[in-house]
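Fold and geometry: a report
If you want the building blocks of each chain, they are given just below.
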Amino acid sequence: MIKHDIVIVGGGPAGMAAAVAAYDRGVTDVVIIDREDTPGGILRQCIHNGFGLHKLGQELTGPEYATVYAVKVAERGIKVYTGTTVLSVTQDRIVTATGREGIVQIQAGAVVLTMGCRERSRGALNTPGTRPAGVFSAGTAQKLINIDGYMPGKKAVILGSGDIGLIMARRMTLEGAKVEAVCEIMPYSGGLTRNIVQCLEDYDIPLYLGTTVVEIHGKKRLEGVTIAQVDENRREIPDTRRYIECDTLLLSVGLVPENELTIAAGISMDRVTGGAIVDENCHTEISGIFARGNVLHVHDLVDYVSDEAERAGCGAADYVKNGVQAGEYIPVKAVGGVRYVIPQHINRNATGEISLFMRVAQPSGKARITARQGETILATATKLKTAPGEMEKLIIRPGLLGTGEITVEIEQL
Amino acid sequence: MERYDVLIAGAGVTGGMIARELSRYNLSVCLLEKENDVACGATKANSGIIHGGHDPVPGTLKARLNAIGNPMLFEACRQLNVPHRRNESMVCAFGPDEEPAVDRLYQRGLENGIEGLEVITGDMARQLEPALSTQITKALLIKNSGIVCPYSLTIAAVGNAMDNGVTLKRNFEINKIEKTDGLFTVCSANGETVQGEYLINCAGCAADKIAAMAGDGFYTINPRAGEYMLMDKSEGGRVSRTIFQTPGKEGKGILVTPTVHGNLLTGPTAQAVDSGDSTFTSAQQLEKIQRLAAKSVPGVNFRQVITSFSGVRSSVDGGDFIIRMSDKVEKFAHVAAIDSPGLTCCVSIAVYVVDMLAQAGLKLTEKENWNGTREDPLAFSKMDMDQKNKVIAENPAYGKIVCRCETITEGEIMESLTRQPVALDLDGVKRRTRSGMGRCQGGFCSPYIMKLIAQHTGTDMTAVTKNGGSSYIAVHKL
């Protein structure tokens, strides 16, 4: 068995940022394992711009952003096992992976899980109708166009207004396809406002809110979809059905953290985020195993993925150098309109700034988000508007942390 | 023109198993299939149950072929290395009104000569299956019943038949049958023609049309669709046995069963449809499945659904199988109306049909070198570490994971493209390897598999289809 101080599972933006941060923290024996032949993860197929504004102060495409980190990884001589898929991670940090050279087993000092997320499929939606070719998840279509160089269809309907769906509406249009409509079952879009403007409005693509696909038609290849409006309980409203002829249906109906390895390792999970339960250093409840990026909770912007993953890299490096941090854990609870908060608990002895990340349950106008510990306000921020599609962040300044449960809630102003 | 001793119309599980049975003898046999792959009709979308035999009406062909067919199918699964499990089943009664039905089925089972039946109380049923509803008051336990993967079985049967010399012709949709000078001339929609001395009609939902083309169309198939919902493996352990409800006028009712691959399957509904192609699902029926499955097993988490689908069974009025030599057309065999328990009976039907052909004059001399076994396809996820390293050393493609959800390697994909009956499309690869059958339903792996198919067949990605015909995936190259 090979030994490495830190093994990073997944070479996307989170994995590369964690590796670089761990190295710079002084633990240089770091390896990244990635299943693709080139690291970079899903960024490689995101050829649109808008990446890096927060983190790098410049606007880059996905592949450019990935390259910035790939160069940092290469400069430090961090080994990347490419074309290698991790099969299992155990609680005593044995990582087993397979590639064309055979099976590799590594005893890791610390493991950072950065596997990212996957898209919800048509099957998970349980949409009635036939099962023809031409129904793709938006990311699969993106890969076909941007990596493989093939158009998945000529006339499309997009279900779901998540960011990938919006980006793909524009991408399909730019490549000559006609995008008939984007349908969103919720009364609001799940995507970033800038994407609604730049990807739909600029191209006159209609966005139908409170509308979903209720039936899929076509025997061999998709021939059309029936859409209908839904009420507040997402039940179809009678007499609102409409048939749209199309040969392609793209689904952008949510992302699911890809935690098969995490669950198999017996790590405690958060039912709301679909990711592991972690502390402020991204440490899971299993000693020496860390998790960050979209595998922990789904992000809107890669910049924040990199930011947070650095925290995991540092946490893993500190663990390798100093072992477990002593101290009791303070639970962090989402209440009153906040859907979840990461981390789910904080070490009482934590030093330095502590970032809390959260999503609200409903869109709202002006609102204040506050983290409290008993009577003490640990952090607060006022927002002109909030939406489930936009992740919020609070920072607890050093020295404020007391004892007792921390709650995070949102109040309308 | 190609000429065979025996032509078989339809490469479902019945046609495939008959082909395998005939491959024992010195005969030339050709299996004709209208789709791009075998097992594309009722065979690919059913409950996958090896029925005990308590259900068919005594005295029917179904009762007889089920009773002898159950052990024959278990044996064939072993020979062909097809995933199967004798997981037992239960027919559950909810309250005093339904309890007599359990007793009736028990009596019927005894009459059919079925062993391993036991009437148990609701509490005993819940001891065996703790997830069962507290409303269940009585149940029939069927110890000889099992589960099997129906398309793996058919692929293996056809593959084994082909290894023993049988020819498979796909995309051969029969549109004309002529008989002159004791020979059937069978034409396909795309202009191919083959000749044969005997013609066996196991065309499923199209069997009535084929029979009419041959000149003996005395029955009408009433296609009945059954919708199913398949749950993620996280739900697979909900029950260990197959859980039926007492039969009503809609057939055996909604079942809850584990699959051999570790998923949980619920369904089927039963409704009349126009044709065998009517494999659509509807919101109403999917809701019904959830409601009725929850009646037996209240804890099923339907949020874990990974796909829903519909299969169309070929039923007839009267309800029994139609298996006999034609009265009107010499050497034409009807093997029609093979609905439930058709899968269980596939081997017994095959043996019965071959006997029937022999009586009709087909000369059977056994091959000296017939081999009825088929090796298990190499399944990476089932190997231990040493085996994995060994196969990767021999062929590095076995180290490359293509389908992350089901842990399927490039080596397994390539095997499905090169081993008879070879996969020609994405669904074919999926049925042979399980790639794309997991949680992401092919989201990540399908472009890569398309590339492998295109490379292997020397075509462009635009020529790769989901399931033949116009089911193309990429429309043009950028």
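Since the structure is predicted, the reported quantities are computational estimates derived from the model, not experimental observations.

1. Considerations on the overall build of chain B
Each helix and strand in chain B was counted, giving 12 helices and 23 strands. On C-alpha atoms alone, chain B measures out to a radius of gyration of 22 Å, which is about the 23 Å that the 2.2 N^0.38 rule sets for 478 residues. Along the first, second and third principal axes, the C-alpha set of chain B runs to 65 × 55 × 45 Å. Here chain B holds 478 residues, and the buried ones make up 61% of them. Pairs at least 24 residues apart make up 71% of the contacts formed inside chain B by residues separated by at least 6 positions. Counting only carbon and sulfur atoms, one obtains 47% of the accessible surface of chain B, whose full area is about 18,300 Å².

2. Some words on a positive patch on the surface
A surface patch of positive charge is lined by Arg 120, Arg 234 and Arg 271 of chain A together with Arg 303 of chain B. With relative accessibility at 77%, the residue Arg 303 of chain B sits in the exposed group.

3. Some details on the domain arrangement of chain B
Residues and elements named next belong to chain B. Assigned domains of chain B: these are domain 1 (1–84 + 148–221 + 316–376), domain 2 (89–143 + 222–313) and domain 3 (380–463). Domain 1 and domain 2 are separated by 28 Å when their C-alpha centres are compared. Interface of domain 1 and domain 2: buried area, both sides summed, is about 2,200 Å²; carbon and sulfur atoms make up 60% of it. Scanning the region where domain 1 abuts domain 2 turns up 1 salt bridge.

4. Looking at the sheet that holds strand β18 (residues 248–251) of chain A
Residues and elements named next belong to chain A. Reading across the sheet, the 5 strands line up as β10-β18-β12-β13-β14 and stay open at both edges, with parallel pairing between neighbours. In the strand order of this sheet, the two ends are held by β10 (135–137) and β14 (207–209), each with one partner. Each adjacent strand pair in this sheet contributes to an overall mean axis angle of 20°, direction not counted. Sheet topology note: the strand β12 (residues 155–159)/strand β13 (residues 178–184) ladder contains 5 bridges and is parallel. Across the sheet, Ala 156 pairs through a bridge with Val 179, a residue of β13. The strands touched by helix α4 (residues 138–148) are β10 and β18; relative to β10, the strand with the most contacts, the crossing angle is about 90°.

5. Let's talk about the packing of helix α10 (residues 410–418) of chain B against helix α11 (residues 426–433) of chain B
Residues and elements named next belong to chain B. The geometry of α10 relative to α11 is characterised by a closest axis approach of 9 Å and an angle of 115° between their N-to-C directions. The angle between α10 and α11 places the two elements in the roughly perpendicular class. Here the hand of the crossing between α10 and α11 comes out right-handed. Residues Glu 412, Ile 413, Ser 416 and Leu 417 of α10 form the contact with α11, whose participating residues are Val 429, Arg 432 and Thr 433. Looking at side-chain class alone, the contact of α10 with α11 contains 3 nonpolar, 2 polar and 2 charged residues.

6. What about the pattern of salt bridges?
With the rule as written, the count across this model stands at 49 salt bridges over all chains. Between Asp 300 of chain A and Arg 359 of chain A there is a salt bridge, and its shortest N-O distance comes to 2.6 Å. With Asp 300 of chain A in the loop between β20 (289–291) and α8 (302–322) and Arg 359 of chain A in strand β24 (residues 354–360), the pair connects residues that are 59 residues apart, well separated along the chain. Bridged by salt links that share partners, the residues Arg 35, Arg 118, Glu 258 and Glu 260 of chain A together with Arg 404 of chain B form one connected network.

7. Section: the side chain of Asn 195 of chain A
Residues and elements named next belong to chain A. Note that Asn 195 resides in helix α6 (residues 193–200). With a relative accessible area of 7%, Asn 195 lands in the buried category. Only 2.9 Å separates the side chain of Asn 195 from the side chain of Asp 163, close enough to count as a polar contact. The contact partners of Asn 195, leaving out residues within four places of it in the chain, are Asp 163, Leu 166, Ile 167 and Leu 200.

8. Comments concerning the domain arrangement of chain A
Residues and elements named next belong to chain A. Domains assigned within chain A are domain 1 (1–119 + 255–325), domain 2 (121–253) and domain 3 (327–413). The C-alpha centroid of domain 3 is placed 35 Å from the C-alpha centroid of domain 2. Counting residues at the interface gives 4 residues for domain 2, matched by 7 residues for domain 3. Interface area for domain 2 against domain 3, summed over the two sides, is near 410 Å², with a carbon-plus-sulfur share of 49%. The largest contributions to the domain 2 side of the interface with domain 3 come from Tyr 188, Leu 192 and Thr 193, which together make up 78% of the buried area. The tally of links from domain 2 across to domain 3 stands at 0 salt bridges. Considering only residue class, the side of domain 2 that touches domain 3 consists of 2 nonpolar, 2 polar and no charged.

9. Side note on the packing of α10 of chain B against helix α12 (residues 446–457) of chain B
Residue and element names in this part refer to chain B. Here α10 crosses α12 at 45°, and the two axes come no closer than 11 Å. Judged by the angle between their axes, α10 and α12 are oblique. Remark: the crossing between α10 and α12 carries right-handed chirality. In this structure, α10 uses Glu 410, Ile 413, Met 414, Leu 417 and Thr 418 to contact α12, whose residues at the interface are Tyr 448, Ile 449, Leu 452, Ile 453 and His 456.

10. Observations concerning the sheet that holds strand β15 (residues 211–217) of chain A
Residue and element names in this part refer to chain A. The strand order across the open sheet built from 3 strands is β15-β16-β17, with neighbouring strands paired in antiparallel fashion. Looking at which strands have only one partner, the edges of the open sheet turn out to be β15 and β17 (242–245). The sheet shows a mean angle of 30° between the axes of neighbouring strands, direction not considered. Where β15 and strand β16 (residues 224–229) come together, 6 bridges link them in antiparallel fashion. Within β16, the position partnered with Thr 211 by the bridge is Gln 229.

11. Looking at the state of the cysteines
Residues and elements named next belong to chain B. Scanning the entire structure with this criterion turns up 0 disulfides over all chains. As a non-bridged cysteine, Cys 40 has Cys 149 as the owner of its nearest cysteine sulfur, 13 Å distant. Classification of Cys 40 by relative accessible area gives buried; the value is 17%. Cys 440 carries a free sulfur, and the closest cysteine sulfur to it, the one in Cys 405, is 3.8 Å from it. Residue Cys 440 is classed as buried on the basis of its relative accessible area of 8%.

12. Section: helix α8 (residues 346–359) of chain B
All names here are of chain B. The end-to-end C-alpha distance of α8, which contains 14 residues, comes to 20 Å, matching closely the 20 Å that a straight helix rising 1.5 Å per residue would cover. Those residues of α8 that fall on the buried side of the exposure criterion are Cys 346, Val 347, Ser 348, Ile 349, Ala 350, Val 353, Val 354, Met 356 and Leu 357. Those residues of α8 that are buried lie in contact with α1 (13–22), α2 (61–80), α5 (150–163), β12 (193–201), β19 (322–325) and β20 (332–336). Downstream of α8 by a residue or two, Gly 361 has a phi angle that is positive, lying close to 115°.

13. Quick word on the environment of Lys 288 of chain B
All names here are of chain B. Inspection of the secondary structure assignment puts Lys 288 in helix α7 (residues 283–296). A relative accessible area of 17% places Lys 288 in the buried class. Taking C-alpha positions, Lys 288 is 17 Å from Ile 306, a pair spaced 18 residues apart along the chain.

14. A closer look at the interface of chain A and chain B
On the chain B side, the residues contacting the 48 residues of chain A number 55 residues. Between chain A and chain B the total buried area reaches about 4,100 Å² when both faces are included, carbon and sulfur atoms providing 54% of it. Area buried by chain A at its contact with chain B is led by Arg 100, Arg 131 and Tyr 150 of chain A, which between them contribute 19% of it. Applying the counting rule to chain A against chain B returns 5 salt bridges. Where Arg 235 of chain A meets Glu 287 of chain B, a salt bridge forms, and the shortest distance between an N and an O atom there is 3.7 Å. For the side of chain A that touches chain B, the elements supplying multiple residues, two or more each, are β6 (85–89), β7 (94–99), β8 (102–113), β9 (117–119), α3 (122–125), β10, α4 and β11 (150–151) of chain A. Element by element, the count of residues in the side of chain A that touches chain B is highest for α4 of chain A, at 5 residues. Across 2 bridges, β11 of chain A lies against strand β23 (residues 476–477) of chain B in antiparallel orientation. Counterpart to Met 151 of chain A in the pairing with β23 of chain B is His 476 of chain B.

Rules used throughout
Residues numbered from 1 in each chain as written. Chains lettered and ligands numbered in written order. Predicted model: local features only at pLDDT ≥ 70, side-chain atom pairs only at ≥ 80, totals over all residues. Heavy atoms only, no water. Helix = DSSP H or I, 4+ residues; strand = E, 2+ residues; numbered from the N terminus. Rg over C-alpha atoms; globule rule 2.2 N^0.38 Å. Buried < 20%, exposed > 50% of the residue type's maximum accessible area, 1.4 Å probe, protein only. Contact = heavy atoms within 4.5 Å. Areas by Shrake-Rupley, 256 points an atom, 1.4 Å probe, with all protein chains shown as cover. Patch = residues over 30% accessible without salt bridge, like charges linked within 9 Å, V, L, I, M, F, W, Y side chains within 5 Å. Salt bridge = Lys/Arg side-chain N within 4 Å of Asp/Glu carboxyl O. Lys, Arg positive; Asp, Glu negative; His and termini not counted. Charge placed at Lys NZ, Arg CZ, Asp CG, Glu CD. Domains from an automatic or database assignment. Buried area = accessible area lost by both parts, 1.4 Å probe. Pairing = 2+ DSSP bridges. Axes fitted to C-alpha atoms, helices over the stretch in contact; angles between N-to-C directions. Parallel < 35°, antiparallel > 145°, perpendicular 65-115°, else oblique. Left-handed = near helix turned anticlockwise from the far one by under 90°. Nonpolar A, V, L, I, M, F, W, Y, C, P; charged D, E, K, R; others polar. Polar contact = N/O pair within 3.5 Å; in protein donor to acceptor, adjacent residues only side chain to side chain. Disulfide = S-S within 2.5 Å. Expected span 1.5 Å × (residues − 1).

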